[in-house]
Amino acid sequence: MTRHHPEGTSLMEFSAGTLSDPHALCIRLHLEKCPLCCSRVDTLESLGAVMLEQQPLNELSEPAALIFDAILARIDSDTVLLEAPRRRQDLIKKLLGCDINDLPWKRQLGDVSMLDVTDRFPGQTERVVLQKLSSGGKAPAHTHRGTETTIVLQGAFSDQNGIFNQWDFAVLDESDNHRPVAVGHEDCITLSVLSAPLKLTGAFTRLLNPFMS
Amino acid sequence: MTTLEQKPVKSERRNDLWSNLLVKVGKNQDRQAYHQLFEHFGPQIKYYAMANGMANHAEELVQEVFVSIWRRSCLYDWRKAAASTWIFTIARNQRIDMLRKMKRISAEISVETEDLWQIPGDHENEPFTSLHRLMSERRVRESLSLLPEEQTTVIAKVYMESKSHQMVADELRIPLGTVKSRVRLALNKLKVILQDQNK
C-alpha cells in the first residue's frame, strides 16, 4: 500500500486538467494503485462539475440553435457508433516502448543511472528523467532549485523523509537536501519531473552534474 | 448583455434527472433525452470554453463534447458518477485534446489524453468503485455554499479557467502559499482531506 501521496492541491490541479502531461502521468501512475487518492479525485471531479453548474450563464453561453443539428448530423454519419471500454495498459511501457529494465540506461555517478525522456513529452518545458539507483546504492547528496516530483516505479528508496515504496509519491524543493539510498533487493527506478536543475551539495560537487549543464 | 437569473442550486433528485436521461441515451439512443441534456449542459460547456479563453472555438468544443457523450453513453454507469461529473470530465478532456491539436503536437504524443485523465466508468475492471462517488456531488454542493468567497474565487479560476495555483497567485497578486492555504482550507471543508484521514 502506498504511504506517500500527492498533496490535495496537486490532485485539484490534476482533476481540473491544468497539470502538464509529465506531472499528470506521475499522478495517474499513483492513482492506479491508490484507492484513497482515487476517491479524492472523484470528489474533486464532482467539485469541477458543481463549480461549472454554479457559474452565471448568460445569453452568450447559449450555443447557436444550429449546433444541435450539426451534432445530430455527425452522429448519424458516425461509422463507429459506440465506444468500447478501454483496456488497462502499462503506461510506462506505452511511453517508452519497452520494459523499464531494458532501457539504454546511462551510468552517471557511482550507483546512479539515468535516462532523459523529456522528448517523449513534446510541447512542454519541464525536464523528465528516469533514474535508477542500484540495489543498496547511494545517490550523491543534492538539493533542488525548483521542485522535483517523483514517483517510484520499481523497488524502494529511503531518505530523511522516510521509505518510499513502489507507487509512492515525493515532491522535493529547495529546502530538501536529501541523499536517497536504494533499499530492498531490487534496483530502485523512479520517474521525476524537474521544474529546474538540481544542485549537488556533497563531495560530488566537482563532478559534472547532468542537470547543471 | 442581459444576465439571466441565476438558476437555483439543483437538488440531488433534480440531478438524478440528468443521470436518468443519460442512461436513456446509452441504452436506447434516445434523442429526446439527448436533446434535453444538450439544452442543460450545452450552455455550461460553451461557458467553460469561453472562460478558458477559447471563445473562437467554444461551439466547436460543445460539438466535440456532445458527440463524445453520444459515443460513450453506453459506458455511462450512474453508480460510478453523476451525469454532471461524467460530462465535466469529458469537457475537460476534450478541451485538453483541442489544445493539443491547436499546438499541433497531438501526433507526436505517445500517451493519449485519456490515458492520463480518465472518464469515470470508461475502463474495464475499474479497481476502485465505491459509494463515495455517489455521495461526492451532493456533499460538495452543500459544502461549497459554506466557503468564503476568497476560497471559491481561487477554486473557480482553477476549474473554469484551468489555471495552475501559480497562475492564480500571479493573477491575484498574492503569494503562492496563500493560494495553496485557501485551497487546503476549502478541501478540508469539502472533506476531501479530513474524511480520508479518519478512514
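Residues numbered from 1 in each chain as written. Chains lettered and ligands numbered in written order. Predicted model: local features only at pLDDT ≥ 70, side-chain atom pairs only at ≥ 80, totals over all residues. Heavy atoms only, no water.

Draft legend 1. Representation of the overall build of chain A in the model. Secondary structure assignment for chain A yields five helices and eleven strands. In chain A, 68% of the contacts between residues at least 6 apart in sequence involve partners at least 24 apart. (Helix = DSSP H or I, 4+ residues; strand = E, 2+ residues; numbered from the N terminus. Contact = heavy atoms within 4.5 Å.)

Draft legend 2. Expanded view of the packing of helix 1 (residues 8–15) of chain A against helix 9 (residues 176–189) of chain B. Their axes nearest at 9 Å, the elements helix 1 of chain A and helix 9 of chain B cross at an angle of 90 degrees. Judged by the inter-axis angle, helix 1 of chain A sits roughly perpendicular to helix 9 of chain B. Counting all contacts with helix 1 of chain A, which are made through G8, T9 and M12 of chain A, the residues of helix 9 of chain B involved are K180, V183, R184 and L187 of chain B. Here the contact of helix 1 of chain A with helix 9 of chain B is composed, by residue class, of three nonpolar, two polar and two charged. (Axes fitted to C-alpha atoms, helices over the stretch in contact; angles between N-to-C directions. Parallel < 35°, antiparallel > 145°, perpendicular 65-115°, else oblique. Nonpolar A, V, L, I, M, F, W, Y, C, P; charged D, E, K, R; others polar.)

Draft legend 3. Structural context of the interface of chain A and chain B. Between chain A and chain B, the contact holds 72 residues from the first and 84 residues from the second. At the junction of chain A with chain B, the criterion picks out eight salt bridges. For the side of chain A that touches chain B, the secondary structure elements donating two or more residues are helix 1, helix 2 (21–31), helix 3 (35–53), helix 4 (65–76) and helix 5 (91–96) of chain A. In terms of residue count, the dominant contributor to the side of chain A that touches chain B is helix 3 of chain A (17 residues). Per-class residue counts for the side of chain A that touches chain B are 36 nonpolar, 15 polar and 21 charged. (Salt bridge = Lys/Arg side-chain N within 4 Å of Asp/Glu carboxyl O.)

Draft legend 4. Representation of the environment of S68 of chain B within the structure. Residue and element names in this part refer to chain B. Along the chain, S68 turns up in helix 3 (residues 58–72). The sequence separation of S68 and N188 amounts to 120 residues, and the corresponding C-alpha distance is 34 Å. If we skip the residues at most four places from it in the chain, S68 touches I90 and Q94.

Draft legend 5. Expanded view of the sheet that holds strand 5 (residues 148–154) of chain A. Residue and element names in this part refer to chain A. An order of 1-2-3-10-5-8 is seen for the six strands of this open sheet, with the pairing classed as antiparallel. Two strands lie at the open edges of the sheet, namely strand 1 (106–107) and strand 8 (169–172), each paired on one side alone. As defined by bridge partners, strand 5 adjoins strand 8 across four bridges and the pair is classed as antiparallel. Paired with T149 across the bridge in strand 8 is V171. (Pairing = 2+ DSSP bridges.)

Draft legend 6. Quick peek at the sheet that holds strand 9 (residues 181–183) of chain A. Residues and elements named next belong to chain A. Read across the open sheet, the three strands follow the order 7-6-9; overall the sheet is antiparallel. Strands at the two margins of the open sheet, each flanked by one partner only, are strand 7 (162–164) and strand 9. Here the average twist between neighbouring strands, direction ignored, is 35 degrees. Pairing of strand 6 (residues 156–159) with strand 9, which is carried by three bridges, proceeds in the antiparallel orientation. Paired with S158 across the bridge in strand 9 is V181.

Draft legend 7. Structural view of the nonpolar core. Within the largest apolar cluster, 97 residues are counted, with the highest numbers of intra-cluster contacts made by L47, L153 and L191 of chain A together with Y34, F66 and Y159 of chain B. Those residues in contact with F66 of chain B that sit more than four places away from it in its chain are I71 of chain A together with Y34, L37, F38, F41, G42 and I45 of chain B. Formed by nine residues, the second largest nonpolar core is a distinct cluster that contains V152, F157, A182 and C188 of chain A. (Core = buried A, V, L, I, M, F, W, Y, C linked by side-chain atoms within 4.5 Å. Buried < 20%, exposed > 50% of the residue type's maximum accessible area, 1.4 Å probe, protein only.)

Draft legend 8. Structural view of the pairing of strand 2 (residues 112–116) of chain A. All names here are of chain A. Burial within strand 2 is extensive, with four of its five residues counted as buried. In terms of strand pairing, strand 1 meets strand 2 through two bridges, oriented antiparallel. From the neighbouring strand, R107 faces strand 2, where its bridge partner is S113. In sequence, strand 1 turns back onto strand 2 through a hairpin of four residues, with G110 there showing a positive phi of about 50 degrees. Here strand 2 pairs with strand 3 (residues 127–133) via five bridges, running antiparallel. Within strand 3, the residue paired with V112 across the bridge is L133.

Draft legend 9. Examining unusual backbone geometry more closely. Residue and element names in this part refer to chain A. Phi at W167 takes a positive value of approximately 75 degrees, unusual for a residue other than glycine. One can find W167 in the loop between strand 7 and strand 8. Residue classification places W167 among the buried residues on the basis of a relative accessible area of 17%.

Draft legend 10. Layout of the packing of helix 2 (residues 31–51) of chain B against helix 3 of chain B. All names here are of chain B. The interhelical angle for the contact between helix 2 and helix 3, taken along N-to-C directions, is 140 degrees, at an axis separation of 9 Å. Overall, the two elements helix 2 and helix 3 adopt an arrangement that is oblique. As for how helix 2 packs across helix 3, the hand of that crossing is right-handed. For the pair formed by helix 2 and helix 3, the contact residues are R31, Y34, L37, F38, F41, G42, I45, K46, Y48, A49 and M50 on the first element and A58, E59, L61, V62, V65, F66, V67, I69 and W70 on the second. Tallied by class, the residues present in the contact of helix 2 with helix 3 amount to 16 nonpolar, one polar and three charged. (Left-handed = near helix turned anticlockwise from the far one by under 90°.)

Draft legend 11. Looking closely at helix 2 of chain A. Along helix 2 of chain A, eleven of the eleven residues are buried, which leaves the element largely enclosed by surrounding structure. The complete set of buried residues in helix 2 of chain A reads D21, P22, H23, A24, L25, C26, I27, R28, L29, H30 and L31 of chain A.

Draft legend 12. Highlighting the confidence of the model for chain B. All names here are of chain B. Summing up the model confidence of chain B, the mean pLDDT is 84 and the portion of residues at 70 or higher is 79%. Here residues 1–14 is a poorly scored stretch, pLDDT under 50, and it has 18 contacts once near neighbours within four places are set aside; other chains count. Within the model, the stretch residues 194–199 combines pLDDT values under 50 with ten contacts to residues more than four positions away or in other chains. For this predicted complex, the interface confidence reaches an ipTM of 0.87, while the overall pTM sits at 0.87. (pLDDT = per-residue confidence, 0-100.)

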